[in-house]
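The primary structure of each chain is shown beneath.
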Amino acid sequence: MRRRLLGVMVLFMVAGFVFTSGKVFADTDFDFYYQRIEKVTQINNPEPKGWWEKTKSLVKSGVNAVKRTWESTVTRNFAPGEGTKRWYSEKDHNIAYDVNRVKVKSVEHLLELMGVKDESKLTDGQKAMLEVYKHSTSQNIKDRMQYSYRDRINVILSDTTGFDNPGEYPNVEKDFWPYSSGFTIQMSSGRYNWPGSAESACSTFVHEFAHSFDRTIKEIIKPYGKDGSHYCNELTKPRSAFVEGWAEFNEMLDSADKVKQMNNSVSLIKREDKNKAGDYTNVEPETLSAAELLSVEGINAIILHRIATEVTGGKDKVFNAFTSTSWKLFRSLKTITSQLCKQNDDIAAIARIIDEQTLGKLSDKEFEKYIGSSDAAKEFLKNRGQATENQDAKEVTAGKVEASGKPLEIEVNTDGGNPFSVR
């Protein structure tokens, strides 16, 4: 979502890097805002008749594009403010949402804003937003703050109650899809309006927070393929796969269920048709090259999680490698693993995990890009032996896990290929 003027975004990215590159990693403060949709407003004529109406519609379309870009790029990130605000639709440029936005002071205040005193009176989606607010002060979030270079992040909790009927309001779900711009995280009640959704919402919040302290820039052109959407088991591109894999790895650290889901998902890989957007084919991992496997975000996430949990002190080592390479804006998984191998003596253990998750398909020359060319790396490559048999490799990739029975969280981005907006 959010097609933005590339020049404006580049300016903000460069400015953001200049202002934050020298910052000491410290606790991040969250500024929570609750906003409720008041009405859907027609901002342009969707079916103009005659040359005059068409001319007016064209001019208004240009004006709205500027306003939409400013609101989504500048206002939400740097001056969200309180009161009645306009939230422009990215799915239908002829409409916008008038929302009422208030800064949240406490749990009690949030309940008051939602119109109740008793949590049991909330909708499932509202309960999920309440739990996200509470989760922002949890130990899991506090543990990650030491790796964040941002002093402050806005979090907008969008209450779409009353506008969740897709027949009447077909664009609300996508227009209020969870995302992180780095400066701002947006979560919405409609996305989680089902029983027991709070755990999933909190996991997504961790995902978006992880995006917020990642400076990595995805590929400029179609980072998620032709349809602009992505799945945890989709073959995309190296930097995009790392960006999403990093966020999913953070979710996995907090949830054994997410670990099972992620391992299960990569038993088949989704490949999008290059000519037809949204036309996917499921393929066996064994049919892909090592480079292709490493362009799947779920495999990136699994490699990072295995290193964090199987290598001694692995979690701290992964995060230290991440923060020490944060100045590298165009990084991928090999940036992190090569840094790990420079900083630590666990090269064989790290290399074995990479080798298993890529089904033994990396050549020695390719492997050096991930583990370096130290004596320990050369020793591993010398003793590496034959590639794992297909069946064994398949079992490693799939993890021989059963689906948990809960809805599989599939992160989707429809930002039109914008490399600066993340989901």
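Our structure is the block above this text.
Counting of residues starts from 1 at the beginning of each chain's written sequence and follows it residue by residue. Since the coordinates come from a predicted model, pLDDT governs what is reported: local features require at least 70, and pairs of side-chain atoms require 80 or more to be given and counted, while whole-chain, interface and lining totals use all residues. Excluded from the side-chain calculations are hydrogens and water; all other atoms, namely the structure's heavy atoms, are used.

A. Fine view of the pattern of salt bridges. In what follows, salt bridge is the name for a side-chain nitrogen of Lys or Arg lying within 4 Å of a carboxyl oxygen of Asp or Glu. Per the stated rule, a full pass over the model turns up 19 salt bridges. With a closest N to O distance of 3.6 Å, R152 and D29 form a salt bridge. A residue pair is termed long-range when its members are at least 10 positions apart, and R152 in strand β4 (residues 152-159) and D29 in strand β1 (residues 29-42) qualify at 123 residues. Of the charged contacts in the structure, one is a salt bridge between D346 and K317, with a shortest N-O distance of 2.5 Å. Separated by 29 residues along the polypeptide, D346 in the loop between α13 (333-343) and α14 (347-357) and K317 in helix α12 (residues 314-324) bring together distant segments of the chain. In terms of burial, D346 and K317 fall into one category: buried. A single network of salt bridges, built from pairs that share partners, joins D29, D31, K103 and R152. Working definition: helices are DSSP H or I runs of at least four residues, strands are E runs of at least two. Numbering for both runs from the N terminus. For each residue, the accessible area found with a 1.4 Å probe, counting protein chains only, is set against the maximum for its type, and the residue is called buried under 20%, exposed over 50%, and partly exposed in between.

B. Fine view of the packing of α14 against helix α16 (residues 375-382). Throughout, an axis means a line fitted to C-alpha atoms (over the contacting stretch in the case of helices), and angles, computed between N-to-C directions, take values from 0 to 180 degrees. Contact geometry for α14 and α16: axes closest at 9 Å, N-to-C directions at 45°. In terms of axis orientation, α14 runs oblique to α16. Handedness of the α14/α16 crossing: right-handed. Every residue of α16 that contacts α14 at I347, A348, A351, R352 and D355 is listed here: A376, A377 and F380. Residues belonging to the contact of α14 with α16 are distributed by class as follows: six nonpolar, no polar and two charged. Relative orientations are named as follows: roughly parallel for angles under 35 degrees, roughly antiparallel for angles over 145 degrees, roughly perpendicular for angles from 65 to 115 degrees, and oblique for any other angle. Should the near helix be turned anticlockwise from the far one by less than a right angle, the crossing is termed left-handed; should it be turned clockwise, right-handed. Residues count as neighbours in contact if any of their non-hydrogen atoms are within 4.5 Å of one another. Any residue outside Ala, Val, Leu, Ile, Met, Phe, Trp, Tyr, Cys, Pro, Asp, Glu, Lys and Arg is labelled polar, Gly included; the first ten of those are nonpolar and the last four are charged.

C. Region of interest: the sheet that holds strand β5 (residues 179-180). When DSSP finds two or more bridges between a pair of strands, those strands are recorded as paired. With mixed pairing, six strands are arranged side by side in an open sheet as β2-β3-β1-β4-β6-β5. Strands at the two margins of the open sheet, each flanked by one partner only, are β2 (83-88) and β5. Across two bridges, the pairing between β5 and strand β6 (residues 184-188) is antiparallel. Each residue of the ladder has a partner; that of S180, found in β6, is I185.

D. How the structure looks around helix α8 (residues 238-254). Multiplying 1.5 Å by the helix residue count minus one yields the expected span of that helix. Between its terminal C-alpha atoms α8 stretches 25 Å, which fits the 24 Å expected from 17 residues at 1.5 Å a residue. The element α8 is largely enclosed, with a buried count of 14 among its 17 residues.

E. Representation of the nonpolar core. Residues belong to a common nonpolar core when they are buried Ala, Val, Leu, Ile, Met, Phe, Trp, Tyr or Cys residues joined through side-chain atoms within 4.5 Å. Counting residues in hydrophobic clusters, the biggest one holds 76 residues, and the most contacted among them are F30, F32, L157, M187, F205, W246 and I371. The dominant element in this core, judged by the number of residues it contributes, is helix α11 (residues 297-310), at seven residues. When residues no more than four places from it in sequence are discounted, the contact partners of M187 are M129, V132, I156, L157, S158, P178, Y192, A201, T204 and F205. By size, the runner-up hydrophobic cluster in this structure holds eleven residues, among which are I37, W87, V99 and F176.

F. Local environment of the packing of helix α7 (residues 198-212) against α8. Here α7 crosses α8 at 135°, and the two axes come no closer than 8 Å. One element, α7, and the other, α8, form an angle in the oblique class. Considering how the two elements wind past one another, α7 and α8 form a crossing that is right-handed. Contacts between α7 and α8 involve S203, T204, V206, H207, A210 and H211 from the first element and V243, E244, W246, A247, E248, N250, E251 and D254 from the second.

G. Layout of the pairing of β1. As paired elements, β1 and β4 share eight bridges and run parallel to each other. Bridging from a neighbouring strand, D31 pairs with N154 of β4. Note that β1 and strand β3 (residues 95-103) share nine bridges and pair antiparallel. Its bridge partner being in β3, T41 is matched across the sheet by A96.

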